[in-house]
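# A look at the structure
Each chain, written out:
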Amino acid sequence: MEIRGAGRIAKAAAEAIRDYAAQLEVTSIEEFAARISEVSSYLISTRPTAVSLPNAVKLASRYSSENVEEARQEVIENANAFIEKADKALGRIGKIGSRRVMDGDVIMTHCNSHAALSIITTAFEDGKDISVISTESRPRCQGLLTIRHLNNFGIPTTLIVDSAVRYYMKDVDKVIVGADAIATNGALVNKIGTSQLALAAHEARKSFMVAAETFKFSPSTIVGNPIEIEERAIDEIVDPSILKELSHVQVRNPAFDFTPAEYIDMIVTDIGSSRLRWLIL
């Protein structure tokens, strides 16, 4: 949790692979391959849900040469190319998604997504009169990062508790959230609580928009492999010492949830925005 956000995690992983390859002292391509494979597996294991992490690692660690120095240079170049693409992606998402934001819109957001924030801040900088309702996003309260970011732009923002989402949905025009992973059937995996926003928005007939870099799409779901939901430590929710007196109580702390595709009106990526199966560049 030192690095938050799937996109930032992906960039950090690519940087780690690049820096590791650059300083790796080996004499054979076999040893180089083994060491790169080892560090790649370790990085991927750190966050099982955010598909941007394995995608970044696999893209950054690719090489075809049988020569150590040439393979090293390939990895460095691939990692740098991924990092550059990730940096440009946010700007593209902001420009594409902000076209869907109307003057006067009240936008609800959840957690702390740089992709979602790029849409919101780009719309504001384009002169649109907008305001934001941000959830706390417990238990890590990433919403506090979001409201600070929006405040620095001068965007009027209201912070609400997660359980107030349905109550305030009547005041909202659009919901804009980020993504940790997107399955091939269009289902969204994002911060726990996202699905309740989507359900409330669907009930209230409000637009629900997802902002996601293309490297957040999960290729493994094409063949039916599920996306694993990470469960985090219970001390994020309750002091474990309290449970010593509660022998019949267990605590669960899933970090993410699934939002069905039918509750999503649009997915905005760095190559375009998609309504169902149509891509609008």
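Read on for an overview of the structure.

Rules and cut-offs
- Residues numbered from 1 in each chain as written.
- Predicted model: local features only at pLDDT ≥ 70, side-chain atom pairs only at ≥ 80, totals over all residues.
- Heavy atoms only, no water.
- Helix = DSSP H or I, 4+ residues; strand = E, 2+ residues; numbered from the N terminus.
- Rg over C-alpha atoms; globule rule 2.2 N^0.38 Å.
- Buried < 20%, exposed > 50% of the residue type's maximum accessible area, 1.4 Å probe, protein only.
- Lys, Arg positive; Asp, Glu negative; His and termini not counted.
- Charge placed at Lys NZ, Arg CZ, Asp CG, Glu CD.
- Pairing = 2+ DSSP bridges.
- Contact = heavy atoms within 4.5 Å.
- Axes fitted to C-alpha atoms, helices over the stretch in contact; angles between N-to-C directions.
- Salt bridge = Lys/Arg side-chain N within 4 Å of Asp/Glu carboxyl O.
- Core = buried A, V, L, I, M, F, W, Y, C linked by side-chain atoms within 4.5 Å.
- Right-handed = clockwise from strand over helix to strand, strands pointing away.

## A word on the overall build of the protein
Secondary structure assignment for the protein yields nine helices and 11 strands. Its C-alpha radius of gyration of 20 Å places the protein within 12% of the 19 Å reference for a compact globule of 281 residues. Classification of the 281 residues of the protein by burial places 48% in the buried group. Positive and negative side-chain charges in the protein, numbering 31 and 37 respectively, have mean positions lying 6 Å apart.

## Some remarks on the sheet that holds strand β8 (residues 256-259)
The antiparallel open sheet is built from three strands, whose spatial order is β5-β6-β8. Taken across any chain shown, the strands that pair with only one partner, and hence form the sheet edges, are β5 (181-182) and β8. For strand β6 (residues 188-191) and β8, the ladder comprises four bridges, and the chain directions are antiparallel. Note on β8: the bridge partner recorded for N190 is D257. Helix-sheet contacts for helix α8 (residues 194-203) involve β6 and β8, and the interaxial angle to β8 is about 30 degrees.

## Some details on the environment of S52
Within the element layout of this structure, S52 appears in helix α3 (residues 52-60). Along the primary structure S52 and V106 are separated by 54 residues, whereas in three dimensions their C-alpha atoms are 29 Å apart. Setting aside its immediate chain neighbours within four residues, S52 contacts A6, G7, A10, D180, F215 and K216.

## Description of the pattern of salt bridges
A complete count under the given rule lists 13 salt bridges for this structure. The salt bridge involving R72 is made with E69; its shortest N-O contact spans 2.9 Å. Of this pair, R72 and E69 both sit in helix α4 (residues 68-98), three residues apart, which is roughly one turn of that helix. Looking at E69, the relative accessible area reads 48%, which means it is partly exposed.

## Points about the nonpolar core
If you look at the biggest cluster of nonpolar residues, it comprises 25 residues, and the most contacted ones within it are A14, I17, F32, V57 and F82. What A14 contacts, discounting residues up to four positions off in sequence, is A60, A79, F82 and I83. Listed in part, the 22 residues of the second largest apolar core include A164, V177, L188 and A200.

## Quick notes on the pairing of strand β2 (residues 131-135)
Of all the five residues making up β2, four are buried; the element is thus mostly covered by neighbouring parts of the structure. Here strand β1 (residues 106-109) pairs with β2 via four bridges, running parallel. By the bridge assignment, T109 is partnered in β2 with S134. Regarding topology, helix α5 (residues 114-125) serves as the crossover connection from β1 to the parallel β2, and that connection is right-handed. Alignment of β2 against strand β3 (residues 157-160), held across four bridges, turns out to be parallel. Counterpart to T135 in the pairing with β3 is I160. For the crossover from β2 across helix α6 (residues 143-153) to β3, the handedness is right-handed.

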